[in-house]
Amino acid sequence: MAISRPAAPATRARRRSAGQPWPVILLFLAPALLLYLGFTIDPAFRTFYNSVHTIKPRGVEEFVGLAHFRELLTADPVFWKSVANTMIWAVAAPIPDVGIGLLLALCLYAKVPLARFFRVVWFTPVLLSYVVVGIIWMWVYNFEWGVANELLRWVGLSGLAHSWLGDPKTALWSVMFTHVWKWTGFNMVVCLAALYALPTEILEAASLDNCGWARRLVFIMIPIMWRTLLNLLILSFIGKMRVFDLVWIMTGGGPLWSTETVSTYVYKRAFEWNTFDLGYPSTIAALWFVVVLAFALSLSWLFRQRDRLEY
Amino acid sequence: MGFAGVARQTVLLTAVALYTALAGAPVLWVAMMSLRTTSEIAAAPFGWPSPAHWGKYWTVWTTSHYDTYFWNSTVIVAGAVAGLTLIGSMAAHALARYRFRGNRVIYFVLFSAIIFPPQLTIISLFQVLVEYGLFNTRLGVSLVYMAIQLPLTFYLLEGFFAQIPQDYFDAAKIDGCSELGMYWRLTVPIGMPAIATTVILNLIELWNEFLYAVVLVTDDDKRTLPLGIMRFLGDKLEDVGMIATGMMIAILPVILVYAFLSERLIRGMTASVLK
Amino acid sequence: MSAKRSLARGWLVRGAVAGALAVAIALPAAAETTITIWSHEADEPAKVAWREKAARNFEAKNPDVKVKITWYDKPALNAALRTALRAGQGPDIFYAEPDQVEYITNGFATPLDDLVNWNNIYDWARGVWTHNGKTYGLPQEAYTIELYYNKELMKKVGVTLPPSGQVGQAQFLDIVKKAAAAGITPISQGVGDRPYPGVYLSEEALLRRLGRDDYGKLLTGKLSYKDPRVVESLTFVKGLVDAGAYPKSFATLKLGESHYYFHTKPGSLMFPMGSFYTGRAFVPPDKGGQPEGFPLGVMQFPAMDKGACNQCKSLTIGASFILNAGSKNQKLAAGMLNEMATPDMGTLWLETILLQTAIKSDPSKVGGKYAEYFRELLDRNKDAQYFVGIPRDHIQGKCKDVFTQVLNNAFPGGLLTVDAAVDMLNQGCYTN
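Residues numbered from 1 in each chain as written. Chains lettered and ligands numbered in written order. Predicted model: local features only at pLDDT ≥ 70, side-chain atom pairs only at ≥ 80, totals over all residues.

Engineer: For this particular structure, what's the right way to read the overall build of chain B?
Structural biologist: A count of helices and strands for chain B gives 13 helices and 0 strands. Helices (α) and strands (β) of chain B occur, in sequence order from the N terminus, as α-α-α-α-α-α-α-α-α-α-α-α-α. Each of the 275 residues in chain B was classed as buried or not, and the buried ones make up 51%. Sequence-distant contacts in chain B: of pairs separated by 6 or more residues, those separated by 24 or more amount to 77%. (Helix = DSSP H or I, 4+ residues; strand = E, 2+ residues; numbered from the N terminus. Buried ≥ 20, exposed ≤ 12 C-beta atoms within 10 Å, placed from the backbone. Contact = placed C-beta atoms within 7 Å.)

Dropping the structure here:
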């Protein structure tokens, strides 16, 4: 073996297929599965159970079949608005999220001076809690003295100064911007790790062949890193489909539902509407779970197909 | 380096500088505010702290139960992250190394849990904890934290472990290495960059976790740090100065841990290249 | 293989320790009884002190009882209560507000008719918590919706208010325009973190225009928002909005910040707010209170042209406490509630919190620095006919959500025309 290349997916096919050491396998899996059974499966099942019931006063449960689903899909405009917002977010945000992360990683890889300093600074937003990030950016977006508007006024563009979080047209994009700000550093770190794992002899060979920076990037590095990038995109997508904390702190779903996401709507129905009924919010959660899962699986399958074809 | 090269370098450095400002300035702002009083901030939001009220850190630490919250957070999160790393890596190793029927099914089941919205499962989790007598305990919170971060941890580790060439393991097997040994002496060291990544990620998410902490703990002496910050945020005018100080106390440990761990991460990454 | 066995043993030990810990932690700590209370308003020192005092009084009277109050802020309290109550857990007593009827309809509140001494509580206050003939909560805080203003700034824009503090629609609009022209924000208000302040102007206008009966009908969905009186009132409010009455940051300004906006920086002319204003304003300036010597005045909301009841005002109950039906210490907890409803505590409330209360007490007893303010407040209320409850207390479900989004946020924020607002409100709330 010449060099380590933890990048080839073909290893799966060469695994042993007979004589599995079952006791050891179970030992490895048992803690995870136990934890999972106790703390994840149970709530999950209860959610699905709740979605076909209405919880009436005094804990009485009434089976309602698909009534909640029907109401959700035909008589709930807020739900559809939240779906639209969430989908916009989940489709638009992963691209800058991962893209900027990749670019930053490339900068570090290209041995920019003070790389270590930059790495820590660029990663710092990831370390902050949503409460902190939300508060800071609410101050930034503040109409009167926030940095965003002050900057605009300073360069003479005061006409563009906005109530960023108060205007339905800009609220969603403002919150999205903040969210990407927070997370792109994480993608940077993962891309950096992947870059370091690239097989150096291929890169050397390419540069010997007089292959320019850009072509090396597009035709060699990215294809080899593809699996990592894909994972990041899918993770980012799933994360955006579930986004809650930041929206909750910055806008609470307003103004006029322009930042309402499926998760914030679920929370409101479960905790803020004057009812203890868990049935309806469970319906939303159950439905959304299926939707996101379907997306994640199809994306995964779609890209892995391409992957497999190349080998 | 020709003209194109210089131009490229300039663009690169400008982009780097701009992004650094974007990423770092907000935190710097909070750091400055943490040393000023609220009235000073109201008068001039972007001013430099003069005088720098270092005493505020001490005030926050001693008067708002911050020391208790800090301790609770440390205990709960450290326990959860340790447990997660062990459990997650074992499960990831098992599914990445061994081929058996049901492998993909288990993978799918563990992975799909990522998608559930915590806002809803929190109620049943609460009931589960009550049934086990773990409600309002630090252990209970720790276990819940493990459960919620397990899918992601597992997913990231499995993806990485699966890419470790089988040849290493075949060679080790020939050398008489046990199954556990292969896990401990091969997967873990080689997979260190991924493990370190998940440790950092879990640390960040759990250190800052808020929703479950509010609901699953009612005793003030068991509360965690994020709740401490929320104390300043009440209804009335935010005590901006105190909030900033409180935030810095919450931020600094994470940054320090990251700074320390990231060195190992880079060392791990470069080491695996050289091997 | 020894490695495997030791690993397995490690797990057994770990499991045993965890189990032991769990049992140890779950065992009760002491033999004496503890009454637990979950309360909102963790950040209002006067209220914290008041309730803790009631707790200590109760402990003094009952030697082997301890009272433990856990302090939250509202959203956290709601989340914690919902989860706890659903699982059959929760404190003995918890904070609630009158619009939270779900505690009653789901059987979490013990009827207090025989457990509390109602002689000390105003009847109308008790009425707020009475449903189907039974009273389910102990009202504590009462407040009226007032229109505060800055006396100095009012002089500065050249307006002299009549002694009664009452002006008409046209005059009010004029005041707003004068302030805007002088570069002063006419009305401070913010809906960044609360679902009700934006409605103040609209609700007071509607109340005065419609009178109590029709206003009540409107809120319960029996009167259409397309009623010409409703449209006229909302058109008046829109006129104010278009004249630049509210701050540009209205949508994101928080409640506490709106207070600050009014009395400190940048300073506005008027400030509609519940009389719980004092809880935030009458504290030292570096805690967010108003500056020393701030020229606080109290005026009336504008009288509506053709108004059916221009003497009408909104009065409502705020902080209240419910006795958890699942509590194992019903009698003791009821005793604690009674401790919070004595005349002495009522007077203490007025003196230290400077806010009305549901406990029968005499506001003229309040002395000290803020006596002048209290006298003016009482004066403005002496001929008032009250409508009990702000809109939130009377609407539920989907209507509440739409109402909040429209009348609290979008309409005063200038994002909706009167017609659009009326349509959305009818869709969400009108049940005929």
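Engineer: Would you mind going over the overall build of chain A with me for this structure?
Structural biologist: When its secondary structure is counted, chain A shows 13 helices and 2 strands. Out of the 311 residues belonging to chain A, those deemed buried represent 45%. Restricting the contact set of chain A to residue pairs at least 6 apart, pairs at least 24 apart contribute 69%.

Engineer: Can you walk me through the pairing of strand S11 (residues 312-317) of chain C in this structure?
Structural biologist: Consecutive side chains along a regular strand alternate between the two faces of the sheet. All names here are of chain C. Burial within S11 is extensive, with 6 of its 6 residues counted as buried. Where burial is concerned, the two faces of S11 agree: the one with Cys312, Ser314 and Thr316 and the one with Lys313, Leu315 and Ile317 are both buried. Bridging between strand S7 (residues 142-150) and S11 involves 3 bridges; their strand directions are antiparallel. In the strand pairing of S11, tyrosine 143 is matched with threonine 316. By the bridge criterion, 4 bridges tie S11 to strand S13 (residues 385-388) in an arrangement that is parallel. Note that in S13 the partner of leucine 315 across the bridge is valine 388. (Pairing = 2+ DSSP bridges.)

Engineer: Which parts of the structure should I look at to understand the pairing of strand S9 (residues 268-274) of chain C?
Structural biologist: All names here are of chain C. Of all the 7 residues making up S9, 7 are buried; the element is thus mostly covered by neighbouring parts of the structure. Inspection of the sheet shows S7 paired to S9 by 5 bridges, in the antiparallel sense. Considered in S9, the bridge of glutamate 146 is made with methionine 273. Alignment of strand S8 (residues 185-187) against S9, held across 2 bridges, turns out to be parallel. Along S9, the bridge assignment pairs threonine 185 with serine 268.

Engineer: Is there a simple way to explain unusual backbone geometry in this structure?
Structural biologist: Where the residue is not glycine, phi is negative for most of them; where a peptide bond is considered, it is trans in most cases. The omega torsion of the bond from lysine 265 of chain C to proline 266 of chain C falls at -5°, within 30 degrees of zero and hence cis. Inspection of the secondary structure puts proline 266 of chain C in the loop between helix H10 (255-263) and S9. For tryptophan 257 of chain A, which is not a glycine, the phi torsion comes out positive at approximately 60°. Tracing the backbone shows tryptophan 257 of chain A in the loop between helix H11 (245-250) and helix H12 (262-272). The class of tryptophan 257 of chain A is buried, set by 22 C-beta atoms lying within 10 Å. Look at lysine 306 of chain C: it is not a glycine, yet its phi comes out positive at around 55°. Assignment of secondary structure puts lysine 306 of chain C in the loop between strand S10 (296-299) and S11. The exposure class of lysine 306 of chain C is exposed, given the 9 C-beta atoms found within 10 Å.

Engineer: Is there a simple way to think about the interface of chain B and chain A in this case?
Structural biologist: Many structure descriptions define interface size as the accessible area lost when the parts assemble. The partner chain A presents 71 residues to the 70 residues of chain B that form the contact. Its residues placed into classes, the side of chain B that touches chain A shows 50 nonpolar, 16 polar and 4 charged. (Nonpolar A, V, L, I, M, F, W, Y, C, P; charged D, E, K, R; others polar.)

Engineer: What is the right way to read the sheet that holds strand S6 (residues 138-139) of chain C from this model?
Structural biologist: Paired through backbone hydrogen bonds, the strands of a sheet run either parallel or antiparallel to each other. All names here are of chain C. Strand order in the open sheet made by the 5 strands is S2-S1-S3-S12-S6, with mixed pairing throughout. Of all the strands in the sheet, the pair left with one neighbour each is strand S2 (65-71) and S6. Where strand S3 (residues 93-96) lies against strand S12 (residues 320-323), 4 bridges are found, and the strand directions are antiparallel. When the sheet's bridge partners are listed, isoleucine 93 is paired in S12 with leucine 323.

Engineer: Is there a simple way to think about the environment of threonine 342 of chain C in this case?
Structural biologist: Residue and element names in this part refer to chain C. Mapped onto the secondary structure, threonine 342 falls in the loop between helix H12 (330-339) and helix H13 (343-353). For threonine 342, a count of 15 C-beta atoms within 10 Å gives the class partly exposed. Distance in space between the C-alpha atoms of threonine 342 and leucine 173 is 45 Å, their sequence separation being 169 residues.

Engineer: Please clarify how H12 of chain A should be interpreted in this entry.
Structural biologist: Three- or four-residue spacings in an α-helix give side chains the same orientation, since the helix completes a turn every 3.6 residues. With 9 of 11 residues buried, H12 of chain A is to be regarded as a mostly interior element. Burial in H12 of chain A covers these residues: Val262, Ser263, Thr264, Tyr265, Val266, Tyr267, Arg269, Ala270 and Phe271 of chain A.

Engineer: Would you take a moment to explain the confidence of the model for chain A for this structure?
Structural biologist: Atomic detail in the predicted coordinates should be set aside for any region of low pLDDT. Residue and element names in this part refer to chain A. The predicted model of chain A has a mean per-residue pLDDT of 80, with 87% of residues at 70 or higher. Mean pLDDT per element in chain A: helix H9 (residues 200-208) is the minimum at 73, and helix H3 (residues 77-92) is the maximum at 92. In this model, residues 1-18 is a region of pLDDT below 50 whose contacts with residues beyond four sequence positions or in other chains number 27 contacts. Here residues 307-311 is a poorly scored stretch, pLDDT under 50, and it has 2 contacts once near neighbours within four places are set aside; other chains count. (pLDDT = per-residue confidence, 0-100.)

Engineer: Any chance you could explain the environment of phenylalanine 250 of chain C here in plain terms?
Structural biologist: All names here are of chain C. Topologically, phenylalanine 250 is positioned in the loop between helix H9 (228-242) and H10. Its 27 C-beta neighbours within 10 Å are what place phenylalanine 250 among the buried residues. C-alpha separation for the pair phenylalanine 250 and asparagine 426, spaced 176 residues apart in sequence, amounts to 25 Å.

Engineer: Explain H9 of chain C here, please?
Structural biologist: All names here are of chain C. In this model, H9 (15 residues) spans 20 Å end to end at C-alpha, consistent with the 21 Å of a helix rising 1.5 Å per residue. Here H9 has its buried residues at Val230, Ser233, Leu234, Phe236, Val237 and Leu240. Projected onto a plane normal to the axis of H9, the buried residues spread over an arc of 145° and lie on a single side. Exposed and oriented more than 90 degrees from the buried face of H9 are Pro228 and Asp242. Those residues of H9 that are buried lie in contact with helix H7 (169-181), helix H8 (200-219) and helix H17 (418-429). Phi turns positive, to about 85°, at glycine 244, one or two residues after H9. (Expected span 1.5 Å × (residues − 1). Arc of directions from axis to C-beta.)

Engineer: Please explain the packing of helix H2 (residues 45-61) of chain C against H12 of chain C as it appears in this structure.
Structural biologist: In a pair of packed helices, the angle between the axes and the distance between the axes together describe the arrangement. Residues and elements named next belong to chain C. H12 packs onto H2 with a crossing angle of 125° between their chain directions and a minimal axis gap of 9 Å. The orientation of H2 with respect to H12, classified from their angle, is oblique. Here H2 and H12 pass one another in a crossing that is right-handed. Of the residues in H12, those in contact with Ala54, Asn57 and Phe58 of H2 are Gly335, Met336 and Glu339. Residue composition of the contact of H2 with H12, grouped by class: 3 nonpolar, 2 polar and 1 charged. (Axes fitted to C-alpha atoms, helices over the stretch in contact; angles between N-to-C directions. Parallel < 35°, antiparallel > 145°, perpendicular 65-115°, else oblique. Left-handed = near helix turned anticlockwise from the far one by under 90°.)

Engineer: For this particular structure, what's the right way to read the nonpolar core?
Structural biologist: One recurring pattern in soluble globular proteins is that nonpolar side chains are buried together. Counting 289 residues, the largest nonpolar core has Ala32 of chain A, Ala91, Val144 and Leu216 of chain B together with Ala80, Ile93 and Leu337 of chain C as its most contacted members. Two domains each provide a minimum of three residues to this core, namely domain 1 (33-139 + 319-361) and domain 2 (143-316 + 372-429) of chain C. Once you skip the residues sitting within four places of it in the chain, alanine 91 of chain B turns out to touch Phe28, Leu29 and Ala32 of chain A together with Phe154 of chain B. (Core = buried A, V, L, I, M, F, W, Y, C linked by C-beta atoms within 7 Å. Domains from an automatic or database assignment.)

Engineer: Sorry, what's going on with the environment of alanine 334 of chain C here?
Structural biologist: Residue and element names in this part refer to chain C. Tracing the sequence through the fold places alanine 334 in helix H12. Separated by 44 residues in sequence, alanine 334 and leucine 378 have C-alpha atoms that sit 32 Å apart. For alanine 334, the residues in contact, after removing those within four places along its chain, are Leu115, Val116 and Leu323.

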